[in-house]
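Descriptive analysis of the structure
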Amino acid sequence: MIFAPIFAGLMALWPPISFLGALGYTPLLVLSAVFAAPFVRFSFSPRTYVVLVMAFVIWANVTWAWSAANTDPWITGHILSDSFAIKAGGLRLLFLVTGAGILISAMLRIAQGRPRRAAGALVIYFVLHGLIVFALPWTQDVLIDYFYEGTFEDMRNAEMHILRNANGFAMALAVLVAWAWSKGHISSAVGAGMVVVALASFVLLGSLSAVVAVFTMVLAIGIARLLPKRGFKVLFGAAGLMVLFTPAVLANIANLIKMLGLELPASTHARAYAWHVVGEKILEKPLLGHGLEASSTWHETYATRPEWLADAGARGENMIAWGQYQIVPGHTHNMAMEIWSETGVIGAALAAFALISLGWRLPSPQQMATPLWVAAAGLFGTALPVFCFSYSAWNDAVWAGLILLSASAILIAKAEPANRLPMQ
């Protein structure tokens, strides 16, 4: 089967795309799915989790009809020009889910023990990505001066690109750890060294999400190792429950911080206040939600909340600056809160049960080849802080990156000899 080397050739774009800020993961996934399509045999008996995922995506698109963000056509510009854009996040998500199904299906059809060179190439690409991230703490100032003009907006974009780069490698690190784990004690030691160096780089870059991802990756792999029969059921079941019950916790966390008198960074207080507002929005339209991407239109500033502005002043913050700052800055910075507030209990239930169903459908860790179960657990762990703190639920680039890494993990596992025992 020739798809393995084709995919490996396309993934040669991973390091430069990551270096440039990771926004190109989406077209890379689309391109991979186009080349994968001839190698797929479609089934007319979809799994339960597939039905639930598609129902969730379709419902998200339905909510676009009453969203305050629905002010432009779904698709603008011309596909052959720079002006082309898909404005509706749900529609982009629909394309991603379709592409994911095609790509993963093609990967699963690759014969066991065959794609060794392709797997080796993928490992090299992820190592190159790691070297880029390891070097960034010492080279970022030079790179920013070279690529950017120095305006405030340029500096902000540069910072975001660097953080996306780090977050992308935090997820790729899970695949590298899985590969190293399967190659014996020496390689495992090298993998552990990569984790330590990556963690130090993330700290120096100030990427809190990537730092947390390292710890949640280790935790998730540990759970899968300790629960070889039910590890994935526990992980994905917990994620499903988290989607259902997160609003009840986060909407009240600002009051809890105030009640306990905790001294926390200003960014933590800001995030807690944002979640309080999102909790109020959820209660306004609990069933249907406010519509896809509606949180991007919530422009209320702290000037509308005098008590919160006074709290900021009591902590020594600049009240003028805080008074002009949006409470919900662009999106909710927690995907569960965004799903609840924009798609209501219907969307939240579909998302939660899709996760639970996926956990029950996946083979147990002990039934998987070593690089696959380690990568599956590791990717779950590294995606968790992204889900909880970083990106919008409709950020197609981060989901595309996760899908490409999942496909890469399958290909690397397919390179293992057919007689290799799982759970080594």
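Please refer to the structure higher up on the page.
Residues numbered from 1 in each chain as written. Predicted model: local features only at pLDDT ≥ 70, side-chain atom pairs only at ≥ 80, totals over all residues. Heavy atoms only, no water.

Re the layout of surface pockets
Going by this rule: Cavity: a set of points on a 1 Å grid over the protein atoms alone where a 1.4 Å probe fits but cannot get out. Pocket: an open set with protein on both sides within 12 Å along at least five of seven lines, its lining residues, like those of a cavity, having an atom within 4 Å of a point. Grid points are joined across faces, edges and corners, and a volume is the space filled by probe spheres set on the points. Numbering of helices and strands runs from the N terminus; a helix is a DSSP stretch of H or I covering at least four residues, while a strand is a stretch of E covering at least two. Basically, the charged four are Asp, Glu, Lys and Arg, the nonpolar ten are Ala, Val, Leu, Ile, Met, Phe, Trp, Tyr, Cys and Pro, and anything else, Gly included, counts as polar.
When its volume is computed, the second largest pocket comes out at roughly 2000 Å³. Forming the boundary of the second largest pocket are 50 residues, of which Met 160, Arg 271, His 331, His 333 and Ser 390 lie nearest the centre. Mapped by element, the contributors of at least two residues to the lining of the second largest pocket are helix H7 (152-181), helix H9 (208-226), helix H11 (253-260), helix H12 (266-284), helix H14 (319-324), helix H16 (370-390) and helix H17 (396-414). Considering every element that reaches the lining of the second largest pocket, the biggest residue donor is H7, with 9 residues. The residue makeup of the lining of the second largest pocket, split by class, is 25 nonpolar, 16 polar and 9 charged.

Examining the packing of aromatic side chains
Put simply, the test is: Ring pairs shown here join Phe, Tyr and Trp side chains whose ring centres sit within 6.5 Å, with only the six-membered ring taken for Trp; geometry is labelled stacked below 30 degrees between planes, edge-to-face above 60, and tilted in between. Each residue is assigned to one of three classes by its accessible area relative to the maximum for its type, calculated with a 1.4 Å probe on protein chains only: buried under 20%, partly exposed between the two thresholds, exposed over 50%. In this analysis the charged atom, NZ for Lys or CZ for Arg, is taken to sit over a ring once it is within 6 Å of the ring centre and within 35 degrees of the ring normal.
Following the criterion strictly, the structure yields 15 aromatic pairs and no others. Measuring from ring centre to ring centre gives 6.1 Å for Phe 3 and Phe 7, while their planes differ by 40°; the resulting arrangement is tilted. On the criterion of helical spacing, the pair formed by Phe 3 and Phe 7 is a turn pair, its members being 4 residues apart in helix H1 (residues 3-10). On the accessibility criterion, Phe 3 (0% relative accessible area) is buried. An aromatic cluster is defined as three or more aromatic residues linked by ring pairs; in this entry it consists of Tyr 273, Tyr 302, Trp 308, Trp 322 and Tyr 325. A cation over a ring is seen here: Arg 305 above Trp 308, with NZ or CZ 4.7 Å from the ring centre. Of note, Arg 315 hangs over the ring of Trp 322, and the distance from its end group to the ring centre comes to 5.3 Å.

Some details on unusual backbone geometry
Not every positive phi belongs to a glycine, and Ala 22 is a case in point at roughly 70°. For Ala 22, the location among the structural elements is in the loop between helix H2 (14-19) and helix H3 (25-36). A residue is classified by how much of its surface remains accessible, and Ala 22, at 5% relative accessible area, is buried. Its identity is not glycine, yet His 333 carries a phi of approximately 55°, on the positive side. Note on placement: His 333 falls in the loop between H14 and helix H15 (335-361).

Some thoughts on the nonpolar core
Filter applied, for reference: The nonpolar core is taken to be a set of buried Ala, Val, Leu, Ile, Met, Phe, Trp, Tyr and Cys residues, with the residues joined through side-chain atoms within 4.5 Å. Contact criterion: two residues are considered in contact whenever any of their non-hydrogen atoms come within 4.5 Å of each other.
Core analysis: the largest hydrophobic core is formed by 129 residues, its most contacted members being Phe 7, Leu 103 and Phe 202. Top contributing element to this core by residue count: H7, with 13 residues. For Phe 202, the contacting residues outside a window of four places in its chain are Val 133, Ala 166, Phe 169, Ala 170, Ser 207, Ala 210, Val 211 and Val 214.

A look at a nonpolar patch on the surface
Keep this limit in mind: Like charges within 9 Å and nonpolar side chains (Val, Leu, Ile, Met, Phe, Trp, Tyr) within 5 Å are joined into patches, using only residues over 30% in relative accessible area that form no salt bridge. Exposure was quantified through the Shrake-Rupley algorithm and a 1.4 Å probe, taking into account, for residues, occlusion by the shown protein chains and nothing else. Criterion for a salt bridge: a side-chain nitrogen of Lys or Arg within 4 Å of a carboxyl oxygen of Asp or Glu.
A grouping of Ile 58, Val 62, Trp 66, Leu 287, Leu 288 and Val 345 is seen on the molecular surface, where their side chains present a nonpolar patch of about 480 Å² in accessible area. Residue placement: Val 62 occurs in helix H4 (residues 48-63). The partly exposed category is assigned to Val 62, whose relative accessible area is 37%.

Let's talk about the packing of H9 against helix H10 (residues 231-250)
The cut-off we apply is this: The axes used here are C-alpha line fits, helices contributing only the stretch in contact, and every angle between their N-to-C directions lies in the interval 0 to 180 degrees. Angles are sorted into four bins: roughly parallel if under 35 degrees, roughly antiparallel if over 145, roughly perpendicular if 65 to 115, and oblique for all others.
Across the interface, H9 lies against H10 with an axial gap of 7 Å and an inter-helix angle of 140°. Put simply, H9 runs oblique to H10. Two secondary-structure elements touch here, H9 through Ala 220, Ile 223 and Ala 224 and H10 through Gly 231, Val 234 and Leu 235. Split into classes, the residues belonging to the contact of H9 with H10 amount to 5 nonpolar, 1 polar and no charged.

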